[in-house]
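Commentary on secondary and tertiary structure
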Amino acid sequence: MAEVLLLSLMSGSLGVSALLYYQWWGWQKQLSQQCDEEEEQLTTYPSKEEPHQASPKLAGWEFKILRSRRNQFHNPDVLRKVCQEEAQGGWILFEKLDDRRLRFRRPMALREKIKPTPKYDPYRSYYGPRFEWESLLSVILLMMMATLPAYLGYRLVILSQRSAPLSTTAPSAPLRP
């Protein structure tokens, strides 16, 4: 009987699981939007059309943000390696936004002068492996959330049919008026 109760509780939790997953997904999206807003609004850079609006210190520079899926830039050795790689393209570390994002700058005059090695892309904006384990795990979790309650519900029905004995009484004759 305890097994039937446990299975019924687990098979009925699909809505709760979906709600929790939806909340987590929304939270991740909100964090991503906050990072994008920070990158766009907190630091202003000069453009060719409006050179007087930004700081004169920033004129003549181009900027890029290098992102990582995980907190790789927390490790000083990785940070040093990334800075050495970016130096091939003339990029200088401008600021570390957090452990996932670095902002680099270089003089615009170096665009044509520096010829990086074929293995290095001076305009890359991503560091680390491109494969997203989080996405794969998310799909697996979603599939489990859909199939596990269905299987547990099936097991519940089977167990409840086994525990309820079939009636062995003979069918009675129909009543005549």
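Residues numbered from 1 in each chain as written. Predicted model: local features only at pLDDT ≥ 70, side-chain atom pairs only at ≥ 80, totals over all residues. Heavy atoms only, no water.

This brings us to the layout of surface pockets. Estimates place the volume of the largest pocket at around 850 Å³. Gln28, Ser32, Ser68, Arg69 and Arg100 are, among the 20 residues lining the largest pocket, the residues nearest its centre. Among the secondary structure elements, those contributing two or more residues to the lining of the largest pocket are α2 (14-41), β1 (61-68) and α5 (133-163). Looking at the lining of the largest pocket element by element, the count peaks at nine residues for α2. Across the lining of the largest pocket, the residue classes tally to five nonpolar, five polar and 10 charged. (1 Å grid on protein atoms, 1.4 Å probe; cavity = no way out; pocket = protein on both sides within 12 Å on 5 of 7 lines; lining within 4 Å. Points joined across faces, edges and corners; volume = space filled by probe spheres on them. Helix = DSSP H or I, 4+ residues; strand = E, 2+ residues; numbered from the N terminus. Nonpolar A, V, L, I, M, F, W, Y, C, P; charged D, E, K, R; others polar.)

All chains considered together, the criterion is met by three aromatic pairs. Plain terms: the ring middles of phenylalanine 73 and tyrosine 127 are 5.9 Å apart, the flat faces sit at 40° to each other, and that makes the pair tilted. Of this pair, phenylalanine 73 sits in the loop between β1 and α3 (76-87) while tyrosine 127 sits in strand β4 (residues 126-127), and the two are 54 residues apart along the sequence. Residue classification places tyrosine 127 among the buried positions, given a relative accessible area of 11%. Plain terms: the ring middles of tryptophan 91 and tyrosine 123 are 6.3 Å apart, the flat faces sit at 85° to each other, and that makes the pair edge-to-face. Pair noted here: tryptophan 91 is in the loop between α3 and β2 (92-98) and tyrosine 123 is in the loop between α4 (110-113) and β4, with a separation of 32 residues, a long-range link. We classify tryptophan 91 as buried; its relative accessible area is 3%. Between arginine 105 and the ring centre of tryptophan 61, over which it is positioned, the NZ or CZ distance is 4.0 Å. (Phe/Tyr/Trp six-rings, centres within 6.5 Å; stacked < 30°, edge-to-face > 60°. Buried < 20%, exposed > 50% of the residue type's maximum accessible area, 1.4 Å probe, protein only. Lys NZ or Arg CZ within 6 Å of the ring centre and 35° of its normal.)

Confidence in the prediction of the protein chain, expressed as mean pLDDT, is 76, and 67% of residues score 70 or more. In the model of the protein chain, helix α1 (residues 2-11) stands out as the element of lowest mean pLDDT, 55, in contrast to α3, which has the highest, 93. (pLDDT = per-residue confidence, 0-100.)

Attention shifts here to the sheet that holds β1. Sheet architecture is open: four strands sit in the order β2-β3-β1-β4, paired in mixed fashion. Two strands in the sheet have a free side with no partner beyond their single neighbour: β2 and β4. In this structure, β1 lies alongside strand β3 (residues 101-107), joined through seven bridges in antiparallel fashion. Looking at β3, one finds that arginine 67 is bridged to arginine 101. In this fold α3 packs onto β1, β2, β3 and β4, with an angle of close to 30° to the strand it touches most, β3. (Pairing = 2+ DSSP bridges. Contact = heavy atoms within 4.5 Å. Axes fitted to C-alpha atoms, helices over the stretch in contact; angles between N-to-C directions.)

Enumeration over the complete set of coordinates arrives at nine salt bridges. Between arginine 106 and glutamate 62 there is a salt bridge, with its nearest N and O atoms 2.6 Å apart. Of this pair, arginine 106 sits in strand β3 while glutamate 62 sits in strand β1, and the two are 44 residues apart along the sequence. By the burial criterion, arginine 106 is buried, and glutamate 62 matches it. Glutamate 95 serves as the salt-bridge partner of arginine 103, at 2.5 Å between the closest nitrogen and oxygen. On the basis of relative accessible area, glutamate 95 is assigned to the partly exposed category, the value being 26%. Here the salt bridges do not stand alone but share partners, grouping Lys64, Glu85, Glu86 and Arg124 into one network. (Salt bridge = Lys/Arg side-chain N within 4 Å of Asp/Glu carboxyl O.)

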